[in-house]
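Architecture and fold: a report
Chain by chain, the residues:
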Amino acid sequence: MKRGRKTNEADGSSSEETTEKEPKRHKVTDEKAITVRSPDWANLLQDIILQVFQYLPLLDRAHASQVCRSWNQVFHMPDLWRCFEFELNQPATSYLRATHPELIKQIIKRHSNHLQYVSFKVVDSSKESAEAACDILSQLVNCSLKTLGLISTARPSFMDLPKSHFISALTVVFVNSKSLSSLKIDDTPVDDPSLKVLVANNSDTLKLLKMSSCPHVSPAGILCVADQCHGLRELALNYHLLSDELLLALSSEKHVRLEHLRIDVVSENPGQTQFHTIQKSSWDAFIKHSPKVNLVMYFFLYEEEFDPFFRYEIPVTHLYFGRSVSKDVLGRVGMTCPRLVELVVCANGLRPLDEELIRIAERCKYLSAVGLGECEVSCSAFVEFVKMCGGRLSQLSIMEEVLIPDQKYSLEQIHWEVSKHLGRVWFPDMMPTW
């Protein structure tokens, strides 16, 4: 019995000692764990910091650069400043955050020679913001830009500036870049002489030109670009700049095959805009030279202004109607657009488009994307249209209100029938109820 008690006492004392020692071991382990979990942010690899900085807004990036010397060095690395967007607006007229003026001064002073891909986004309609963009442009004398974008999200802005002030700032970039490959300018007073400066200094490198609502540019000005810039692969312009001469220049043996041509057909004054006609022979020469080109046309016209269009075959591949379009015009589309790949009709009226859709399915063998907004189509005609197009319809966006039930199909039945012919589950789009 004594031996048993001694043993138990010994066991008890040893368990107490173990209990007392265990917290010490846990304490040591916790201290080691805390040490391991504490990173040394100052010694992070600069490549990692650079990747993080590229995702930060400019102001946050500037604040982060004050953390330590290593982060400040990354903030001034040339790779961080090759691509930059200046956001300009006046605090009194816009709630959006603009690029801080002091940061702009620092960028111009220390990084203007590093800038290569630059865009200016004027997010309000103030003249002051547009003037600020011109002031920055005029200071980019030591940079060699590869891309330049001038975007005004709230009209007018750039158009309110004195033309000479804008042109002098823009030509600074054209003259000093020497390797500009992409130029996007919307709603600006750019003119023919400034385009000649662009061509004289960047004809060997320019590959993309997008111009929208530039009223001071004439067909002769855009023709000069096409004549000299033989490497041009993408072009976007308003219809009034399109001409037979331009299409023939883009079809010359010296010119590379165009990959993308976008044309905006816009009517600002109903009934007062006269639209010219492009000859079929010019389109034929253009397609013969660039057989794989994507020809995109956006129409914002009133019904009475469509008369010059779709009278003979046109090689359009992507067609968008932003306003109401008549049954007659859509019928002509089916007869004259054999290369059509995508068709979007925002509105038509109250007359069903049954025959027009069937004709388009018959003639447009490459059609793979369709969108219908405020239109009417009988369920039977729509099923027949889908059946004729088959599985090549990769995108089919139809509002439920477009489909009119008939004796053959109800709205509940059409879902299953269309899904069967597409080879995948399909539902019509529904208008939100909020």
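Residues numbered from 1 in each chain as written. Predicted model: local features only at pLDDT ≥ 70, side-chain atom pairs only at ≥ 80, totals over all residues. Heavy atoms only, no water.

1. Section: helix α2 (residues 46-53)
Owing to its 3.6 residues per turn, the α-helix brings residues three or four apart onto one side. Along α2, the residues that are buried comprise I49, L50 and F53. With its buried residues spanning 105 degrees around the axis, α2 presents them on a single face. Buried residues belonging to α2 abut α3 (58-64) and α4 (69-75). (Buried < 20%, exposed > 50% of the residue type's maximum accessible area, 1.4 Å probe, protein only. Helix = DSSP H or I, 4+ residues; strand = E, 2+ residues; numbered from the N terminus. Arc of directions from axis to C-beta. Contact = heavy atoms within 4.5 Å.)

2. Some points on the packing of aromatic side chains
Per the stated rule, a full pass over the model turns up 17 aromatic pairs. Look at F306 and F321: their rings are 5.8 Å apart centre to centre, the planes differ by 55 degrees, and that puts the pair in the tilted class. Separated by 15 residues along the polypeptide, F306 in the loop between β8 (294-300) and β9 (318-324) and F321 in strand β9 bring together distant segments of the chain. Judged by its relative accessible area of 2%, F306 falls in the buried class. (Phe/Tyr/Trp six-rings, centres within 6.5 Å; stacked < 30°, edge-to-face > 60°.)

3. Focus: the pattern of salt bridges
Under the definition given, this model contains 9 salt bridges. One salt bridge connects K163 with D191, and the closest N-O pair in it is separated by 3.3 Å. Taken as a pair, K163 in helix α7 (residues 163-177) and D191 in the loop between β4 (182-186) and α8 (192-202) lie far apart in primary sequence, 28 residues in all. Using a relative accessible area of 9% as the deciding quantity, one classes D191 as buried. Here E259 ties to R233 by a salt bridge, and the two come within 3.4 Å at their closest N and O atoms. Highlighted residues: E259 in the loop between α10 (244-250) and β7 (260-266) and R233 in the loop between α9 (219-228) and β6 (234-238), separated in sequence by 26 residues. Among the residues examined, E259 registers a relative accessible area of 41% and is labelled partly exposed. Using a relative accessible area of 31% as the deciding quantity, one classes R233 as partly exposed. (Salt bridge = Lys/Arg side-chain N within 4 Å of Asp/Glu carboxyl O.)

4. Details of empty space enclosed by the protein
By the definition in use, this model includes 2 cavities of 30 Å³ or more. In this structure, the largest cavity spans a volume of roughly 130 Å³. Forming the boundary of the largest cavity are Y239, T277, I278, W283, M297, F299, P308, F309, F310, R311, Y312 and I314. Class assignment for the residues of the lining of the largest cavity results in 10 nonpolar, 1 polar and 1 charged. One number sums up the size of the second largest cavity: a volume of about 30 Å³. If you go around the second largest cavity, the residues you meet are L330, V345, L353, E356, L357, I360 and L372. In terms of residues, the lining of the second largest cavity owes the most to one element, helix α13 (residues 354-363), which gives 3 residues. Here the lining of the second largest cavity is composed, by residue class, of 6 nonpolar, no polar and 1 charged. (1 Å grid on protein atoms, 1.4 Å probe; cavity = no way out; pocket = protein on both sides within 12 Å on 5 of 7 lines; lining within 4 Å. Points joined across faces, edges and corners; volume = space filled by probe spheres on them. Nonpolar A, V, L, I, M, F, W, Y, C, P; charged D, E, K, R; others polar.)

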